[in-house]
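Structure at a glance
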Amino acid sequence: MTKIKKGIPLIDQHNKNGFWGKFGGNFIPETLKKPVEDLTILFEKLRKDKKFIQDRDYYFKNWVGAPTPFIKLENLTRYLGGAQIWTKVVSEANGGAHKIYNATVHSLIAKKAGKKYIVGDTGAGYAGKMLSMAAKKFGLKCKIFMGVKDIKRQKPNCDAMRKNGAEIVPVYTGSQTLVDAVSECMRYWVSNCDSTHMCVGSTVGPNIFVKICGWSTSQISKELSVQIKKEFGKIPKKLKLINCVGGGSSSFGFWNEFIHYDKRQFEFIGVEAGGPKNSKKHAAPLTYGSKIGILHGAAQYVNQDSEGQIEETESISAGLDYPGVSPLHCFLKDTKRARYTAATDEEALRAYQLVTKYENLNPSLEPSHAFAEAIKIAPKLSKDTIIIVNSCGDAQKDRDILKKRLGK
Ligand SMILES: *Cc1c(COP(=O)(O)O)cnc(C)c1O
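All values derive from a computational prediction rather than experimental measurement. (Residues numbered from 1 in each chain as written. Predicted model: local features only at pLDDT ≥ 70, side-chain atom pairs only at ≥ 80, totals over all residues. Heavy atoms only, no water.)

What follows covers helix α1 (residues 30–46). Along its 17 residues, α1 runs 25 Å from first to last C-alpha, staying within 8% of the 24 Å computed at 1.5 Å per residue. For α1, every residue scored as buried is listed here: L32, P35, V36, L39, L42, F43 and L46. Along the long axis of α1, the arc covered by the buried residues comes to 125 degrees, so they all point the same way. Residues of α1 that are exposed and angled more than 90 degrees away from the buried face: E30, K34, I41 and K45. Those residues of α1 that are buried are in contact with α2 (50–64), α4 (99–112), α8 (178–192), β8 (196–199) and α9 (207–217). (Helix = DSSP H or I, 4+ residues; strand = E, 2+ residues; numbered from the N terminus. Expected span 1.5 Å × (residues − 1). Buried < 20%, exposed > 50% of the residue type's maximum accessible area, 1.4 Å probe, protein only. Arc of directions from axis to C-beta. Contact = heavy atoms within 4.5 Å.)

Written out as structure tokens, the structure is:
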């Protein structure tokens with residue numbers, strides 16, 4: 001069995017073909033070999049470049065608004081009567097979710113590569129909204145690929161993209177959700193890679209896109225590490241870091257800094273989208289033991305039928321509605337460093353109701369999946385156990401769905 005190595009960032013623990021264990025790689029058409037190689041060389045150079053790091057940190061601080069708050073949910077803790085519930089309010093970042101970190105870094109890279117255009121995919125609309133913000137900020141022309149089903153259910157984020165001057169390209173193929181948007185975006189990039197930089201919105205895609213995204217969102221756990229030490233004086237003995245998992249960028253970023261701790265001290269729990277209670281469809285390939293397949297240029301656990309066709313997913317949360325998952329998470333699952341579970345649509349909605357009843361926090365439907373797991377396990381745990389949930393998105397974008405399902 002492959003093991004996690006100490007002292008090397010996880011994003012760099014792949015072999016020369018780009019695989020983390022059995023996962024990842026570069027399943028790309030011939031025409032993309034050169035652009036992907038160029039991007040790889042550029043990124044490896046930039047991440048060692050002091051000036052580039054300075055710029056990144058400058059924009060993280062003065063534009064993204066890092067660090068985001070780390071707070072205790074006292075009322076919810078009291079109500080549940082077990083472990084302490086804390087949250088990192090990543091939704092306080094500029095734009096309302098963690099996607100801003102990846103979008104900022106990709107835009108800075110695009111500038112360095114001398115590209116005038118940037119394209120990206122989006123599901124919940126946050127990746128698209130943030131990319132449109134970053135494109136506007138750094139003077140790039142932006143196109144966002146988005147499934148028609150998602151355009152309908154995430155209107156506030158679509159309005160934001162258009163306001164920022166981005167063009168939304170509606171995707172009518174397949175299930176008309178994120179999976180198709182990523183495919184269409186990659187297809188577009190194949191024919192336009194000379195002038196255009198592509199941002200993949202999560203820790204998915206060919207090896208280099210997984211790395212850039214993971215490197216960017218790791219800012220979250222860097223901040224959290226400082227905040228935990230400041231709050232508790234040292235790292236407490238029992239911590240559980242709970243995060244929803246779609247493609248896996250917020251969860252990876254939330255955990256990365258702590259990967260080398262013993263899992264009895266720092267447990268990682270990833271919560272996938274279980275879909276509607278009475279439906280067979282879900283977006284939880286890690287939880288339900290999906291087989292390895294190739295999706296969007298990388299090997300990963302992915303929902304597929306007996307013939308290897310990618311299966312349609314279903315989830316109340318557009319951001320988690322994806323049949324595959326980051327190779328980094330497949331690797332974390334196989335090495336048993338993280339544990340994965342799922343919450344149903346109904347459990348996420350109930351968690352949303354409970355959190356908003358007790359706290360001034362408005363987590364979107366994606367982190368509501370993570371809260372569902374926290375609510376499930378907290379009562380059985382000791383008071384010195386620290387649960388930290390990544391509240392990675394704001395429910396403003398979900399107002400239509402919430403109104404329909406909860407009547408408010
Ligand atoms: C995109 C998104 C997700 C899912 O993507 P990850 O890459 O798994 O983080 C989760 N929450 C929010 C708010 C999102 O916008």
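The next thing to look at is the packing of aromatic side chains. Tallied over the entire structure, the rule returns 18 aromatic pairs. Ring geometry for Y58 versus Y59: centroids 5.1 Å apart, planes at 85 degrees, classification edge-to-face. Here the aromatic rings of W255 and Y340 are separated by 6.2 Å at their centres, their planes lie at 55 degrees, and the arrangement is tilted. Within this pair, whereas W255 is found in helix α11 (residues 249–255), its partner Y340 is found in strand β13 (residues 338–344), the two being separated by 85 residues in sequence. With a relative accessible area of 0%, W255 lands in the buried category. Given a relative accessible area of 11%, Y340 falls into the buried group. Chaining the aromatic ring pairs together yields one cluster made of Y58, Y59, W63 and F138. Sitting above the plane of the W215 ring, R56 keeps its charged end 4.6 Å from the centroid. The ring of F268 is capped by R337, whose NZ or CZ atom sits 4.0 Å from the centre of that ring. (Phe/Tyr/Trp six-rings, centres within 6.5 Å; stacked < 30°, edge-to-face > 60°. Lys NZ or Arg CZ within 6 Å of the ring centre and 35° of its normal.)

Between α1 and α9, whose axes approach to 10 Å, the crossing angle comes to 30 degrees. As judged from the angle between their axes, α1 and α9 are roughly parallel. Helix-helix and strand crossings are classified by hand; for α1 and α9 the assignment is left-handed. Every residue of α9 that contacts α1 at V36, L39, T40, F43 and E44 is listed here: I208, F209, K211, I212 and W215. (Axes fitted to C-alpha atoms, helices over the stretch in contact; angles between N-to-C directions. Parallel < 35°, antiparallel > 145°, perpendicular 65-115°, else oblique. Left-handed = near helix turned anticlockwise from the far one by under 90°.)

So, to be careful, I would describe these as geometric facts and stop short of saying anything about function.
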